[in-house]
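Fold and geometry: a report
Residues per chain are reported as follows:
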Amino acid sequence: MFKNGWGIDIEFPLLDRRTKPRNIGLTMVLDKGLGIGETTDLLETSGEHIDFLKLSFGTSALYSPHVLHKKINLVRSYEVDIYPGGTFLEVALLQGKLDQFLYRAKELGFTCIEVSDGTIEMEKETRKEVIFKAVDLGFRVLTEVGKKDANEKCLVDEMVKQLNEDLENGAYRVIIEARESGTVGVYNSAGDTDLEAFEKILRGAPNPDVIIWEAPLKKQQVHLIKTLGNNVNLGNIPTGEILALEALRNGLRGDTFKDTLTRFSKNFL
Amino acid sequence: MFKNGWGIDIEFPLLDRRTKPRNIGLTMVLDKGLGIGETTDLLETSGEHIDFLKLSFGTSALYSPHVLHKKINLVRSYEVDIYPGGTFLEVALLQGKLDQFLYRAKELGFTCIEVSDGTIEMEKETRKEVIFKAVDLGFRVLTEVGKKDANEKCLVDEMVKQLNEDLENGAYRVIIEARESGTVGVYNSAGDTDLEAFEKILRGAPNPDVIIWEAPLKKQQVHLIKTLGNNVNLGNIPTGEILALEALRNGLRGDTFKDTLTRFSKNFL
Amino acid sequence: MFKNGWGIDIEFPLLDRRTKPRNIGLTMVLDKGLGIGETTDLLETSGEHIDFLKLSFGTSALYSPHVLHKKINLVRSYEVDIYPGGTFLEVALLQGKLDQFLYRAKELGFTCIEVSDGTIEMEKETRKEVIFKAVDLGFRVLTEVGKKDANEKCLVDEMVKQLNEDLENGAYRVIIEARESGTVGVYNSAGDTDLEAFEKILRGAPNPDVIIWEAPLKKQQVHLIKTLGNNVNLGNIPTGEILALEALRNGLRGDTFKDTLTRFSKNFL
């Protein structure tokens, strides 16, 4: 268990929060372009609480080679997986450049690949082959189900089916798309959870731990922690919110602390 | 008075903004986990405009001891008070570890303690004793009144009574809880001020300067500056908003500049 | 054309994005007080994608001389224009200190001046003279049309007239005011575009490239890119959103990538 940084004997209200290396309780961060100094700060302060760092959408293509190189190595040195957003893979795929994309990603030092069809249409056979190739090259593969366009309703049954196929094909975890805004997939335009869709996905998965829920908004994180426990896998966490989320996961913030009150005898002084 | 950084003879539209060290016009910052580099940046750019830095909720428990140590010393070197969020004290208190918490906070170099019951229930006698102990140890004590849960309506009369008792017991200032979101206490869920509650608290306090108003949203800051003057005490200011708030306090932003226009003769060229 | 930072042969979905130095496709950034480290990060990561950096409102007056000096030089070293927010010029003007303001701005190393009347009233003759003086001193001059106060409706016809006069008087570009929040000018309080006002301004300008649209919100950026192309001039971009915007401009994000799909043959593997 993570020892509190004060070095004193105080128990965190929510128990059994997993520490790294871990296969549950994963936190995936959405990085929209932190520089080297900011990335160093993030990792020094919160590297212990981060499992995956995603260079969002196609932003990795916009870094200078020098900064990209430095950043990838820096992130890896904290044992955090790093990967380019799924959108850039979709762009490459559409141009018949998948192999080039994967080889170069490997060369650059990315440790993980996200396979998505948030914008393009992809045949099931293609998706399977992309996963295979990435796994073959030694990448940890995350797939994503759901559409980026709120008008383009992705049927939940389809999502569930895809999720299971992806896992069979070798995906490490499956991400439920919510975007940076937290307003698509199982969320409505106000960011509130569509409980029916949520439970359908949950019931359709072999177990809850195979899912990473994109949950950029605090209310979404609170709902997921209260429903699925503090070791639920969460994604698209903004870079400034890592410790705040970790406080939620440990009951160190009012929203989740409150539910634990009965567990404590009120010793006070 | 703060000299404008350009070094030329231009008067700031809002006059008499107090400079540090000061007992009014306080700015308290909500820090959700800045790293050492970011903290250095914040202090170099805005240290002169910050009085208190709060390591929000229980996040201070999630830092590595090394980073926590470095950060506390760095913040203090700019003559800024630093303290752990009230929630972590509530956690310690509930486990009968108050003394350990306070001694260790002292050892770590925190200069200030926040006493709150935003999540737990606390007897008046306990609250008094916590304040006493913290004051005894040489801490500057801030207390907080109000609940974190919007459903758990805190009666304004209760808040006023508590505020006065805290001051009698030795609190330096009393914070009116609004959370990071600015949506509880004297604010509704849209962040707008409940004027009746606001005025009741104001009338119930010995004087306005004993209060620190949590006011994370610009409209809240503008309202408070317009109502109580530019040296109103404000809290829960996001780290990226310090200069923007200071611009409001000095009439260097449209929202507060506009009200001063009649004071100026329009010399123009 | 910007070469993608991966160094592989993948075409960006939106073609012909201009690179610096450029006179169209400008990106103007709203800087509310980044420190030296953060500014270094911003420039290292995104300097190639930024044309103008504005020290928002009157914040430049709140920096210490030392930090201000260092920051201006740093920004210029990346061939990014830097200027103080228009509000500070309005403050100086009202006190009859325009010359002092302009000389000192020159001395400090600012390369650009914004002339606005977002808060004060200004005679047309005065505005013209301010532009003249700034141009004479070798500044690149941006003017701004529109009011900061949503209640103080600025008539679109007036804005169009002013825009044309400013250009005739020597302004390099004219900014359409939207504030940091993106809720005034051609936007309503929800940040949605008033299409009638938008088109009126567009039709009234000699050509679209003379305008810089303040567009802090993603939906505003997407609308402008879809309507006016990826080299539309955009302003008030938050410092954390530069690469995200650049991804939109290059079709590397779902919102703008989607519209390009028909351009690609689906080669896939």
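Each chain has its residues counted from 1, running along the sequence as written. Chains carry letters and ligands carry numbers; both start at the beginning, A for chains and 1 for ligands, and go up in the order they are written. Local features in this predicted model are restricted to residues whose pLDDT is 70 or higher, and side-chain atom pairs enter the listing and the counts only when it is 80 or higher, whereas totals over whole chains, interfaces and linings include all residues. Hydrogens and water are ignored here; the side-chain numbers use all heavy atoms of the structure.

Digging into the packing of helix H8 (residues 218-228) of chain C against helix H9 (residues 242-249) of chain C
All names here are of chain C. Counted only if it meets this: Geometry is summarised by axes, namely lines fitted to C-alpha atoms with helices restricted to the contacting stretch, and by angles between N-to-C directions that run from 0 to 180 degrees. Numbering of helices and strands starts at the N terminus; helices are DSSP runs of H or I of at least 4 residues and strands are runs of E of at least 2. The scheme is simple: roughly parallel for angles under 35 degrees, roughly antiparallel for over 145, roughly perpendicular for 65 to 115, oblique for anything else. Each crossing gets its handedness from the near helix: less than a right angle anticlockwise from the far helix is left-handed, clockwise is right-handed. Contacts are residue-level and defined by heavy atoms, with any inter-residue pair within 4.5 Å sufficient. When residue character is reported, Ala, Val, Leu, Ile, Met, Phe, Trp, Tyr, Cys and Pro are called nonpolar, Asp, Glu, Lys and Arg charged, and the others, Gly included, polar.
Taken N-terminus to C-terminus, the directions of H8 and H9 make an angle of 30°; their axes are 10 Å apart at the nearest point. With respect to each other, H8 and H9 are oriented roughly parallel. Remark: the crossing between H8 and H9 carries right-handed chirality. On H9, the residues touching Lys218, Gln221, Val222 and Ile225 of H8 are Leu245, Leu248 and Arg249. Taken together, the residues of the contact of H8 with H9 break down into four nonpolar, one polar and two charged.

Looking at the interface of chain A and chain B
Operational definition: Accessible surface is computed with a 1.4 Å probe, and the buried area is the amount of it that two parts give up when combined, taken over both parts together. Put simply, a salt bridge is a Lys or Arg side-chain nitrogen that is within 4 Å of an Asp or Glu carboxyl oxygen.
Facing 38 residues of chain A, the contacting portion of chain B comprises 47 residues. Interface area for chain A against chain B, summed over the two sides, is near 3,600 Å², with a carbon-plus-sulfur share of 64%. Contact with chain B buries surface across chain A, with A:Trp6, A:Phe268 and A:Leu269 losing the most and accounting together for 25% of the total. Taken together, chain A and chain B are joined by five salt bridges. Here A:Lys258 makes a salt bridge to B:Asp149, at a shortest N to O gap of 2.7 Å.

Observations regarding the interface of chain A and chain C
To keep it simple, the criterion reads: The definition of a polar contact used here is a pair of N or O atoms within 3.5 Å, where within protein one atom must be able to donate a hydrogen and the other to accept one, and adjacent residues in sequence count solely through side-chain atom pairs.
Every contact between the two is made by 47 residues of chain A and, on the other side, 38 residues of chain C. Interface of chain A and chain C: buried area, both sides summed, is about 3,600 Å²; carbon and sulfur atoms make up 64% of it. The largest per-residue losses of area from chain A upon contact with chain C belong to A:Leu62, A:Leu94 and A:Gln95, which jointly make up 21% of the total buried on that side. Linking chain A to chain C there are 13 residue pairs in polar contact (both at pLDDT 80 or more).

Some points on the confidence of the model for chain A
Filter applied, for reference: Summary of the metric used: pLDDT quantifies the predictor's per-residue confidence within the range 0 to 100.
In this model, chain A carries a mean pLDDT of 95, and residues with pLDDT of at least 70 account for 98%. In the predicted complex, the global pTM is 0.97; the interface-specific ipTM is 0.96.

Digging into the relation of the copies chain A and chain B
The condition is simple: Least squares is the method for superposing the copies, and the C-alpha atoms it fits come from residues with pLDDT of at least 70 in both.
Relative to chain B, chain A is turned by 120° and slid 0.0 Å along the rotation axis, the superposed coordinates differing by an RMSD of 0.0 Å. Taken together, the rotation and translation describe the operation of a three-fold axis.

Section: the packing of helix H1 (residues 36-46) of chain A against helix H2 (residues 65-77) of chain A
Residues and elements named next belong to chain A. In contact at an axis separation of 10 Å, H1 and H2 are set at 5° when each is read in the N-to-C sense. Taken together, the axis directions place H1 and H2 in an arrangement best described as roughly parallel. Residues Ile36, Thr39, Thr40 and Leu43 of H1 form the contact with H2, whose participating residues are Val67, Lys70, Lys71, Leu74 and Val75. For the contact of H1 with H2, the class distribution of residues is five nonpolar, two polar and two charged.

A short note on the relation of the copies chain A and chain C
For the match of chain A to chain C, the screw axis carries a shift of 0.0 Å, the RMSD comes to 0.0 Å, and the turn is 120°. With a heterologous cut-off of 20% or less, the 2% of interface residues of chain A that recur at the interface of chain C puts this contact in the heterologous class.

Regarding the environment of B:Leu217
All names here are of chain B. Cut-off, in case you're wondering: Throughout this description, buried means an accessible area under 20% of the type-specific maximum (1.4 Å probe, protein chains only), exposed means over 50%, and partly exposed covers the range between.
Its location among the elements puts Leu217 in the loop between strand E7 (211-214) and helix H8 (218-228). Leu217 sits in the partly exposed class, given a relative accessible area of 29%. Sequence separation between Leu217 and Asp117 is 100 residues; the distance between their C-alpha atoms is 23 Å. When neighbours within four sequence positions are excluded, Leu217 is seen to be in contact with Ser181, Gly182 and Gly191.

Details of the environment of C:Glu38
Looking at the element boundaries, C:Glu38 is found in helix H1 (residues 36-46). Residues C:Glu38 and C:Thr239, spaced 201 residues apart in sequence, show a C-alpha to C-alpha distance of 9.6 Å.

Description of the packing of aromatic side chains
Stated formally: Stacked, tilted and edge-to-face pairs are distinguished by plane angle, under 30 degrees for stacked and over 60 for edge-to-face with tilted covering the rest, among Phe, Tyr and Trp rings (Trp via its six-membered ring) whose centres lie within 6.5 Å.
Scanning the model with the defined rule gives 21 aromatic pairs over all chains in all. Note on B:Trp6 and C:Phe101: the rings are 4.8 Å apart at their centroids and 20° apart in plane angle, and the pair reads as stacked. Here B:Trp6, found in the segment before strand E1 (27-31), pairs with C:Phe101, found in helix H4 (residues 98-108), and the two come from separate chains. Each member of the pair, B:Trp6 together with C:Phe101, is buried. Ring geometry for C:Phe52 and C:Tyr172: centres 6.3 Å apart, planes at 50°, overall tilted. One end of the pair, C:Phe52, is in strand E2 (residues 52-55); the other, C:Tyr172, is in the loop between helix H6 (156-168) and strand E6 (173-176), and 120 residues separate them in sequence.

Here we look at the pattern of salt bridges
Going through the model one piece at a time under the given rule, you end up with 74 salt bridges over all chains. The salt bridge involving C:Lys97 is made with B:Asp9; its shortest N-O contact spans 3.5 Å. In this pair, C:Lys97 is assigned in the loop between helix H3 (86-94) and H4 and B:Asp9 in the segment before E1, connecting two distinct chains. According to the relative accessible area criterion, C:Lys97 is buried, its value standing at 18%. Given the relative accessible area of 54%, B:Asp9 is considered exposed. A salt bridge links B:Asp51 to B:Arg22; the nearest nitrogen and oxygen atoms lie 2.8 Å apart. On the criterion of sequence distance, the pair formed by B:Asp51 in the loop between helix H1 (36-46) and strand E2 (52-55) and B:Arg22 in the segment before E1 is long-range, its members being 29 residues apart. Overall, the relative accessible area of 7% leaves B:Asp51 in the buried class. A relative accessible area of 9% places B:Arg22 in the buried class. Salt bridges sharing common partners tie together A:Lys32, A:Arg179, A:Glu180, C:Lys218, C:Glu241, C:Arg253 and C:Asp255.

Some thoughts on the pairing of strand E8 (residues 234-238) of chain B
Residue and element names in this part refer to chain B. This is how it is decided: Any two strands are treated as partners once DSSP identifies two or more bridges connecting them. Orient the strands so they point away from the viewer; a crossover is then right-handed if the path from the first strand over the helix to the second runs clockwise.
The element E8 is extensively covered by neighbouring structure, given that four of its five residues are classed as buried. With two bridges joining them, E7 and E8 adopt parallel strand pairing. Looking at the pairing, Glu214 lines up with Gly235 of E8. The β-α-β motif built from E7, the intervening H8 and the parallel element E8 has right-handed crossover chirality.

A short note on the pairing of strand E1 (residues 27-31) of chain C
If a strand is regular, its side chains alternate between the two faces of the sheet. All names here are of chain C. Of all five residues in E1, five are buried, a share of seventy percent or more. Residue alternation in E1 divides its side chains into two sets, Thr27, Val29 and Asp31 and Met28 and Leu30, and both sets are buried. One ladder, built from three bridges, connects E1 with strand E8 (residues 234-238); its direction is parallel. The partner of Thr27 across the bridge, within E8, is Leu234.

Some details on the sheet that holds strand E4 (residues 112-115) of chain B
Residue and element names in this part refer to chain B. Spatially, E3-E2-E1-E8-E7-E6-E5-E4 is the arrangement adopted by the eight strands of the open sheet, whose pairing is parallel. Where the open sheet ends on each side, the last strands, each with one partner, are strand E3 (81-84) and E4. Within the sheet, the average angular offset between the axes of one strand and its neighbour, ignoring direction, is 25°. Sheet topology note: the strand E5 (residues 140-145)/strand E6 (residues 173-176) ladder contains four bridges and is parallel. Looking at E6, one finds that Glu144 is bridged to Ile175.

Quick word on the side chain of C:Asp166
Residues and elements named next belong to chain C. Residue placement: Asp166 occurs in helix H6. Only 2.7 Å separates the side chain of Asp166 from the side chain of Arg127, close enough to count as a polar contact. At 2.8 Å, the side chain of Asp166 and the side chain of Thr143 are in polar contact. Each residue touching Asp166, except ones within four places of it in the same chain, is listed here: Arg127, Ile131, Thr143, Val145, Ala171 and Val174.

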